[in-house]
Amino acid sequence: MDSKVLLPLFAQRFGCEGAACYAAPGRINLIGEHTDYNGGFVLPGAVGQCLTAWIRPNGSDQVNLYAADLGMECVFAIDDPQGPRSVHFRYVYGVVREMTARGVKVGGFDAVYGGDVPLGAGMSSSAALECCFAFALNDLFRGNLDGMELARVGQMTEHRYVGTMCGIMDQFVSLHGRAGCLVRLDCRSGEYEYFPWKPEGYSLVVVNSCVRHELVGSPYNDRRNSCERVAARAGVETLRDCSWEQLETLKTELSDEDYSRARYVLGEEERVLAVCEALKRGDYEEVGRQMYLTHEGLSKDYEVSCEELDFLVEEARRCGVAGSRIMGGGFGGCTINLVRNELRDAFVSEVRKNYRERFGVECKMIPVVIGDGARRVQ
Ligand code: GLA
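Residues numbered from 1 in each chain as written. Predicted model: local features only at pLDDT ≥ 70, side-chain atom pairs only at ≥ 80, totals over all residues. Heavy atoms only, no water.

(A) Here's a closer look at the overall build of the protein. Within the protein, the regular secondary structure consists of eleven helices and 13 strands. Against the compact-globule benchmark of 21 Å for 378 residues, the protein has a radius of gyration of 21 Å, which places it among compact chains. Classification of the 378 residues of the protein by burial places 61% in the buried group. Sequence-distant contacts, at least 24 apart, represent 72% of the contacts inside the protein between residues at least 6 apart. Of the accessible surface of the protein, which amounts to about 15400 Å², a share of 48% is contributed by carbon and sulfur atoms. In the protein, 42 side chains carry a positive charge and 54 a negative one; their mean positions are 2 Å apart. (Helix = DSSP H or I, 4+ residues; strand = E, 2+ residues; numbered from the N terminus. Rg over C-alpha atoms; globule rule 2.2 N^0.38 Å. Buried < 20%, exposed > 50% of the residue type's maximum accessible area, 1.4 Å probe, protein only. Contact = heavy atoms within 4.5 Å. Areas by Shrake-Rupley, 256 points an atom, 1.4 Å probe, with all protein chains shown as cover. Lys, Arg positive; Asp, Glu negative; His and termini not counted. Charge placed at Lys NZ, Arg CZ, Asp CG, Glu CD.)

As structure tokens, then:
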């Protein structure tokens, strides 16, 4: 739902005077998966699909929300210590609490929102929701928090109010995305660099397996715990600072599982940097090769794939696609594919047909345009 569809809904509920419109996008990630909470590098980009909200301070201490896509409403007081039960509304409640904790004088407000970031697809619909509200409340209540702090508001909302111990990638890129660019973020230092994304002769095809990816209560947190155990054993803060030699020395003291998880993360660190070098040379075949390696690691060592995602990647390989892998946290959701333009149509129709035959469900192609980060919509 875009701003034009949402405005009449806002007017119906709250009257139309004085509301402002904000949007924050979902994301793709070219490479660098499960590296963010290990202090490593990621290479995501914001997409055109956004969460859009009309918001207006109401002078009370009450928040009135209407989630138009879900047809659900929610009311809570700004200083309510518990907040709503529904996970969906806890994202907004958490943002309010985290902003308040950072000294922003958030008052009551009315909001109607909706979006087109596919839910449960691994494209960060929840980060889009958090970042849209964080950005908007910062603007409307003169918060003065910078983009990185707003990203932390979103991340801490996940940790404290939802229970997903995520890294910073999704919220960071939802706020700092730039049209036509991927952004390489060093999650340890917070430094970042934009990489123009104009793959001559190639396009990105995102395929949604329609296996619903859900990080809340998923083994996502277990993966993070494994990494933290290995880092603690190695005497480093995060795996970013663990060398291959250190990992090999520790091998006999670690469970096989923890060892494999850490091996994946160390490899992924190197792959992000290799992809950045390849991008500078315009070598997209190399970018694609690294993507396949990431998928192998995510599937065999990190174990966050599933039959459907492995099938989609194998189909891509069979069709001669340059690179393919799970995108995002895993456990369902999408694959991201780097496809030579002349192969694109054949790949899309092959994969559609074969997926339907194999699993009896349709996979969905999600269009990708690399867009801007959170903003006020004029
Ligand atoms: C989810 C999390 C991110 C990141 C990815 C995996 O999207 O929210 O912080 O860990 O999974 O790369």
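Moving on from the coordinates now.
(B) Expanded view of the environment of glutamine 378. Along the chain, glutamine 378 turns up in the segment after strand E13 (375–377). Glutamine 378 gets classed as exposed once you look at its relative accessible area, which sits at 86%. Considering only alpha carbons, one finds glutamine 378 and valine 207, 171 residues apart in sequence, at a separation of 32 Å.

(C) Layout of the site of the ligand. The ligand sits among 13 residues. The nearest are Glu33, His34, Asp36, Asp170 and Tyr220. A distance of 2.7 Å is found between an oxygen atom of the ligand and a side-chain nitrogen or oxygen belonging to aspartate 170. Note that an oxygen atom of the ligand is positioned 3.4 Å from one of the backbone N or O atoms of glycine 329. In isolation the ligand has 310 Å² of accessible area, and contact with the protein removes 97% of it. For the shell around the ligand, the class distribution of residues is five nonpolar, four polar and four charged. Built from parts of two domains, the shell around the ligand gets at least three residues from each of domain 1 (3–195 + 371–377) and domain 2 (197–367). (Near = heavy atom within 4 Å. Polar contact = N/O pair within 3.5 Å; in protein donor to acceptor, adjacent residues only side chain to side chain. Nonpolar A, V, L, I, M, F, W, Y, C, P; charged D, E, K, R; others polar. Domains from an automatic or database assignment.)

(D) Spatial organisation of the environment of arginine 97. By the secondary structure assignment, arginine 97 is in helix H2 (residues 87–101). When the C-alpha atoms of arginine 97 and aspartate 79 are compared, they prove to be 8.1 Å apart, with 18 residues separating the residues in sequence. The contacts of arginine 97, once residues within four sequence positions are left out, are Ile78, Asp79, Asp80, Pro81 and Tyr161.

(E) Representation of the sheet that holds strand E10 (residues 323–326) within the structure. Spatial ordering of the open sheet is given by E10-E11-E9-E12, a layout of four strands whose pairing is antiparallel. The two strands at the open ends of the sheet, each matched to only one other strand, are E10 and strand E12 (364–366). In this sheet, adjacent strand axes meet at a mean angle of 25 degrees when their direction is disregarded. One ladder, built from four bridges, connects E10 with strand E11 (residues 334–340); its direction is antiparallel. (Pairing = 2+ DSSP bridges. Axes fitted to C-alpha atoms, helices over the stretch in contact; angles between N-to-C directions.)

(F) Fine view of the domain arrangement of the protein. Partitioning the protein into domains gives domain 1 (3–195 + 371–377) and domain 2 (197–367). Each of domain 1 and domain 2 was reduced to a C-alpha centroid, and the two centroids are 26 Å apart. Across the boundary between the two partners, domain 1 contributes 39 residues, which contact 46 residues of domain 2. Between domain 1 and domain 2, a total of about 3500 Å² is buried, with carbon and sulfur atoms accounting for 61% of that surface. It is Leu30, Ile31 and His34 that lose the most area in domain 1 upon contact with domain 2, and together they represent 19% of the buried surface on that side. Where domain 1 packs against domain 2, one counts three salt bridges. We note a salt bridge from glutamate 33 to arginine 325, for which the minimum N-O separation is 2.7 Å. In this structure, the connection of domain 1 to domain 2 is made through 23 residue pairs in polar contact (both at pLDDT 80 or more). For the side of domain 1 that touches domain 2, the secondary structure elements donating two or more residues are strand E1 (20–29), strand E2 (41–42), helix H4 (147–162) and strand E7 (181–186). Per element, the largest residue contribution to the side of domain 1 that touches domain 2 is four residues, and it comes from E7. Taken together, the residues of the side of domain 1 that touches domain 2 break down into 18 nonpolar, 15 polar and six charged. (Buried area = accessible area lost by both parts, 1.4 Å probe. Salt bridge = Lys/Arg side-chain N within 4 Å of Asp/Glu carboxyl O.)

(G) Just the pattern of salt bridges, in detail. A full pass over the atoms with the stated rule returns 30 salt bridges. The shortest N-O distance in the salt bridge between aspartate 258 and arginine 229 comes to 2.7 Å. In this pair, aspartate 258 sits in helix H8 (residues 256–281) while arginine 229 sits in helix H6 (residues 220–234), placing the two residues 29 residues apart along the sequence. Salt-bridge contacts for glutamate 277 lead to lysine 280; the nearest nitrogen and oxygen are separated by 3.7 Å. Residue glutamate 277 and its partner lysine 280 are located together in helix H8, separated by three residues, close to a single helical turn. On the accessibility criterion, glutamate 277 (42% relative accessible area) is partly exposed. Residue classification places lysine 280 among the exposed positions, given a relative accessible area of 52%. A single network of salt bridges, built from pairs that share partners, joins Glu98, Arg102, Glu149, Arg152 and Arg160.

(H) View of the nonpolar core. Ile28, Leu65, Phe109 and Phe133 are the most contacted members of the largest nonpolar core, which totals 81 residues. With eight residues, the top contributor of residues to this core is helix H3 (residues 125–140). Looking at which domains feed residues into this core, each of domain 1 (3–195 + 371–377) and domain 2 (197–367) gives three or more. Non-local contacts of isoleucine 28, meaning those with residues more than four positions away in its chain, are made with Pro44, Gly45, Val47, Met123, Leu182, Leu204, Val206, Met327, Ile336, Val368 and Ile370. In terms of nonpolar packing, the next biggest core, distinct from the first, is built from 25 residues, Cys166, Leu250, Ala262 and Ile326 among them. (Core = buried A, V, L, I, M, F, W, Y, C linked by side-chain atoms within 4.5 Å.)

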